[in-house]
Amino acid sequence: MNLIQLVYVSRPFGYDAAMLSGILLDARRLNARNDITGALVCRHDIFLQMLEGPELQVTATYDRIRRDDRHVEIRKLVAKSVQTRMFSDWAMLHDPEKSWIWTSEEIADGALDRASPEDFEKVFADLSRNVAADQKS
């Protein structure tokens, strides 16, 4: 099976707790059905999400997200083949900006445009390690 990781960024439209709960509920239900795992780092001004799983299912999920009016200014940042999943135990891990590395001001100043694919991967690798460490303690 050809596994991929896809990372995208979007700006939330109408961000509040109810909207976020709806996104997480939908993602967890559909991702479990489609063998997709991943993580969502979010706050009021940005979503950064990694999807991982079979290429066809991940691509279809990303296409569905692109049509979702809760996301605006969607941009794919990374898409690559992988051998293993970073979030194999999570249909969709939610990280409410605990691991965030860019401030709102840095994003407004173009930090995402200057970031490399490795920078985005590091955000999720750090998150994965932090979650694993939290589960052991």
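For the structure, check the block above.
Fair warning: this is a prediction, and the values are worked out from it, not measured in the lab. (Residues numbered from 1 in each chain as written. Predicted model: local features only at pLDDT ≥ 70, side-chain atom pairs only at ≥ 80, totals over all residues. Heavy atoms only, no water.)

### As for the sheet that holds strand E3 (residues 46-54)
The mixed open sheet is built from five strands, whose spatial order is E4-E1-E3-E2-E5. Strand pairing shows two members of the sheet lacking a second neighbour, strand E4 (71-82) and strand E5 (93-95), which therefore form its edges. The mean inter-strand angle of the sheet, taken between neighbouring strand axes irrespective of direction, is 15 degrees. For strand E1 (residues 3-12) and E4, the ladder comprises nine bridges, and the chain directions are antiparallel. When the sheet's bridge partners are listed, Ile4 is paired in E4 with Ser81. In the packing of helix H2 (residues 55-66) onto the sheet, contacts are made with E1, E3 and E4, and the angle to E3 comes to roughly 155 degrees. (Pairing = 2+ DSSP bridges. Helix = DSSP H or I, 4+ residues; strand = E, 2+ residues; numbered from the N terminus. Axes fitted to C-alpha atoms, helices over the stretch in contact; angles between N-to-C directions. Contact = heavy atoms within 4.5 Å.)

### Re the nonpolar core
Counting 23 residues, the largest nonpolar core has Val7, Leu48, Phe87, Trp102, Phe120, Phe124 and Leu127 as the members making the most contacts within it. The next biggest cluster of nonpolar side chains, apart from the first, holds 17 residues, and it includes Tyr8, Leu20, Leu40 and Cys42. (Core = buried A, V, L, I, M, F, W, Y, C linked by side-chain atoms within 4.5 Å. Buried < 20%, exposed > 50% of the residue type's maximum accessible area, 1.4 Å probe, protein only.)

### Quick look at unusual backbone geometry
Its identity as a non-glycine residue notwithstanding, Asp35 has a phi of 60 degrees, on the positive side. On the secondary structure map, Asp35 appears in the loop between helix H1 (17-33) and strand E2 (37-43). Residue classification places Asp35 among the partly exposed positions, given a relative accessible area of 36%. Its identity as a non-glycine residue notwithstanding, Glu73 has a phi of 55 degrees, on the positive side. Under the relative-accessibility criterion, Glu73 is labelled exposed at 58%.

### Some details on H1
An α-helical segment advances 3.6 residues per turn. Residues three or four places apart therefore align on the same side. In this model H1 runs 24 Å from its N-terminal to its C-terminal C-alpha over 17 residues, within 8% of the 24 Å that 1.5 Å per residue would give. Within H1, burial applies to Met19, Leu20, Ile23, Leu24, Ala27, Leu30 and Asn31. Mapping the buried residues of H1 onto a view down its axis gives an arc of 150 degrees, with all of them on the same face. Turned more than 90 degrees from where H1 packs its buried face, Ala17, Ala18, Leu25, Arg29, Ala32 and Arg33 sit exposed. (Expected span 1.5 Å × (residues − 1). Arc of directions from axis to C-beta.)

### Regarding H2
Helix length check: H2 (twelve residues) gives 16 Å between terminal C-alpha atoms against 16 Å at 1.5 Å per residue, within 8%. Every buried residue of H2 is accounted for by Val58, Thr61, Tyr62 and Ile65. Projected down its long axis, H2 carries its buried residues within an arc of 100 degrees, all on one side. Residues of H2 that are exposed and point more than 90 degrees away from the buried face comprise Leu56 and Arg66.

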